[in-house]
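Analysis of the macromolecular model
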Amino acid sequence: MVTKSLLAQARGSRPRIYIPILGLIFLLVLAAGFLSRYMVGKLALLDNLLTKIDFTVPYLDIRLYGSDLMNDYLWVLFCLPGTILIFILTGIMTRRKKSYGILMGLESLSSFIVIILMAVIILLPGYINADYMAIIEPIYGYGRYAFVGVHALACVLAFFDPILIAPKYREIYRLRRVRLRRSKQYGKDKKTFRQLYRRRKYEELCEFLYEPYISPESNLKLTPSAIEYLIYSGGEAKRKLETIRLSNMAKSGQTVGMKIEVAANKAEVKRLSADQYYVDPRTVPSFLAKHGKQGMMEVSPNTPSKKQLKQTKKAEKKAEKERRKVSHQALKAAKKQGKVY
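Residues numbered from 1 in each chain as written. Predicted model: local features only at pLDDT ≥ 70, side-chain atom pairs only at ≥ 80, totals over all residues. Heavy atoms only, no water.

**Some points on the side chain of Ser 110**
Along the chain, the position of Ser 110 falls in helix H6 (residues 101-123). From its side chain, Ser 110 meets the backbone oxygen of Glu 107 in a polar contact 3.1 Å long. The contact partners of Ser 110, leaving out residues within four places of it in the chain, are Phe 147 and His 151. (Helix = DSSP H or I, 4+ residues; strand = E, 2+ residues; numbered from the N terminus. Polar contact = N/O pair within 3.5 Å; in protein donor to acceptor, adjacent residues only side chain to side chain. Contact = heavy atoms within 4.5 Å.)

**A closer look at the environment of Met 104**
Of note, Met 104 is situated in helix H6. The exposure class assigned to Met 104 is partly exposed, which follows from its relative accessible area of 22%. Sequence separation of Met 104 and His 151 is 47 residues, and the distance between their C-alpha atoms is 9.0 Å. Beyond its immediate sequence surroundings of up to four residues, Met 104 is in contact with Phe 87, Thr 90, Gly 91 and Thr 94. (Buried < 20%, exposed > 50% of the residue type's maximum accessible area, 1.4 Å probe, protein only.)

**Considerations on a nonpolar patch on the surface**
Residues Ile 17, Tyr 18, Ile 21, Ile 25, Ile 84, Leu 85, Ile 88 and Ile 92 make up a contiguous nonpolar surface patch of roughly 720 Å² in combined accessible area. Secondary-structure elements contributing two or more residues to the nonpolar patch are helix H2 (18-35) and helix H5 (80-96). With four residues, the single largest contributor to the nonpolar patch is H5. If you trace the backbone, Ile 21 turns up in helix H2. With a relative accessible area of 46%, Ile 21 lands in the partly exposed category. (Patch = residues over 30% accessible without salt bridge, like charges linked within 9 Å, V, L, I, M, F, W, Y side chains within 5 Å. Areas by Shrake-Rupley, 256 points an atom, 1.4 Å probe, with all protein chains shown as cover. Salt bridge = Lys/Arg side-chain N within 4 Å of Asp/Glu carboxyl O.)

**Re a positive patch on the surface**
Together, Lys 191, Arg 194, Arg 198, Arg 199 and Lys 201 make up a positively charged patch on the protein surface. Tracing the backbone through its elements, the reader meets Arg 198 in helix H9 (residues 186-198). On the accessibility criterion, Arg 198 (52% relative accessible area) is exposed. (Lys, Arg positive; Asp, Glu negative; His and termini not counted. Charge placed at Lys NZ, Arg CZ, Asp CG, Glu CD.)

**Examining helix H8 (residues 170-181)**
The first and last C-alpha atoms of H8 sit 16 Å apart over 12 residues, in line with the 16 Å expected at 1.5 Å per residue. At its buried positions, H8 is contacted by helix H1 (4-10), H9 and helix H10 (202-214). (Expected span 1.5 Å × (residues − 1).)

**What to know about the confidence of the model for the chain**
Looking at the chain, pLDDT values average 81 and 81% of them are 70 or higher. Contacts of residues 294-302 to residues separated by more than four positions or lying in other chains number 19 contacts, the stretch itself having pLDDT below 50. (pLDDT = per-residue confidence, 0-100.)

**A short note on the packing of H5 against H6**
Across the interface, H5 lies against H6 with an axial gap of 9 Å and an inter-helix angle of 155 degrees. Between H5 and H6, the angle falls in the class roughly antiparallel. Of the two elements, H5 crosses H6, and the hand of that crossing is left-handed. When H5 is examined against H6, the residues Leu 80, Ile 86, Phe 87, Thr 90, Gly 91 and Thr 94 are found in contact with a partner set consisting of Gly 101, Leu 103, Met 104, Glu 107, Ser 108 and Ile 115. Class assignment for the residues of the contact of H5 with H6 results in six nonpolar, five polar and one charged. (Axes fitted to C-alpha atoms, helices over the stretch in contact; angles between N-to-C directions. Parallel < 35°, antiparallel > 145°, perpendicular 65-115°, else oblique. Left-handed = near helix turned anticlockwise from the far one by under 90°. Nonpolar A, V, L, I, M, F, W, Y, C, P; charged D, E, K, R; others polar.)

**As for H9**
Taking 1.5 Å per residue as the helical rise, H9 with its 13 residues ought to reach 18 Å, and the 18 Å between its terminal C-alpha atoms agrees with that figure. Among all positions of H9, only Asp 189, Phe 193, Leu 196 and Tyr 197 are buried. Viewed end-on, H9 has its buried residues packed into an arc of 100 degrees, placing them on one side of the element. Exposed residues pointing more than 90 degrees away from the buried face of H9 are listed as Gly 187, Lys 188 and Arg 198. Buried residues along H9 sit in contact with H1, H8 and H10. Arg 200, located one to two residues past H9, shows a positive phi value of around 60 degrees. (Arc of directions from axis to C-beta.)

Right, dumping it as structure tokens:
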């Protein structure tokens with residue numbers, strides 16, 4: 001069942017439209033860096049930049065030329081702006097959905113390994129044993145593609161982020177789809193969902209999501225989640241109603257009648273608690289869990305007829321009349337005995 005606490009937990013992981021947009025933009029930046037290795041001789045700006053890279057590394061007596069470094073090393077450095085942006089985006093995604101933390105770890109690890117190995121191969125070839133260099137160079141060769149690939153994967157996942165919802169939150173959006181699909185005011189209901197979520201009115205949002213099921217006129221098959229919410233919301237409504245009624249009795253001085261009502265309510269709760277079919281709305285009953293594995297569950301009759309509704313209302317009015325009569329008689333008797341203050 002979708003609860004207020006579940007809606008609050010899911011707030012941070014809700015689909016965000018800017019995530020796919022940034023993912024696509026950053027992927028293009030990364031692709032530009034990767035394709036720079038194939039633009040040598042075709043792009044004047046890049047050729048001019050490479051000709052300017054011609055210097056000696058202090059203390060190491062190593063001469064570096066841009067044209068020589070481009071094919072194996074410089075294009076990796078040109079990918080850095082894209083990877084930095086993607087790393088920031090992955091951090092935002094991880095804050096919303098913790099499972100992205102694995103991807104963020106892979107990005108950090110691949111970046112660290114590639115930069116370190118590149119520095120070793122370019123700057124320290126004379127200080128590293130040839131046997132070790134024979135191991136380091138292939139690792140770097142594959143590592144640079146893994147480095148680019150991991151960041152590209154982050155962009156792909158960002159593009160599909162709106163549909164990558166954790167299993168425990170999927171019920172929220174399934175109910176939203178049902179509500180909007182049956183809505184006669186699609187745009188208005190879609191806006192209402194966003195407003196309720198933004199204002200953190202989770203109780204109203206629960207009622208909004210389950211409305212297609214709880215309406216007496218609804219012909220939807222009840223799911224275990226909907227049944228549980230019907231039990232919970234009906235119990236809550238009854239509790240609030242009874243609280244208001246007893247408060248009014250206390251304010252009007254009907255203390256004896258109030259005591260009789262409270263005793264009757266407690267007796268009824270005790271009786272129902274002993275019934276094997278009683279359902280505690282605070283827990284997930286076992287029979288609902290059983291039916292949940294089997295799929296949807298139909299309650300018969302699912303939609304009461306007009307005659308049944310009329311009979312129910314008539315019975316409720318009669319019961320309320322009897323209740324008031326008993327309370328009035330009890331109050332009258334108490335006044336005669338001087339017990340009402």
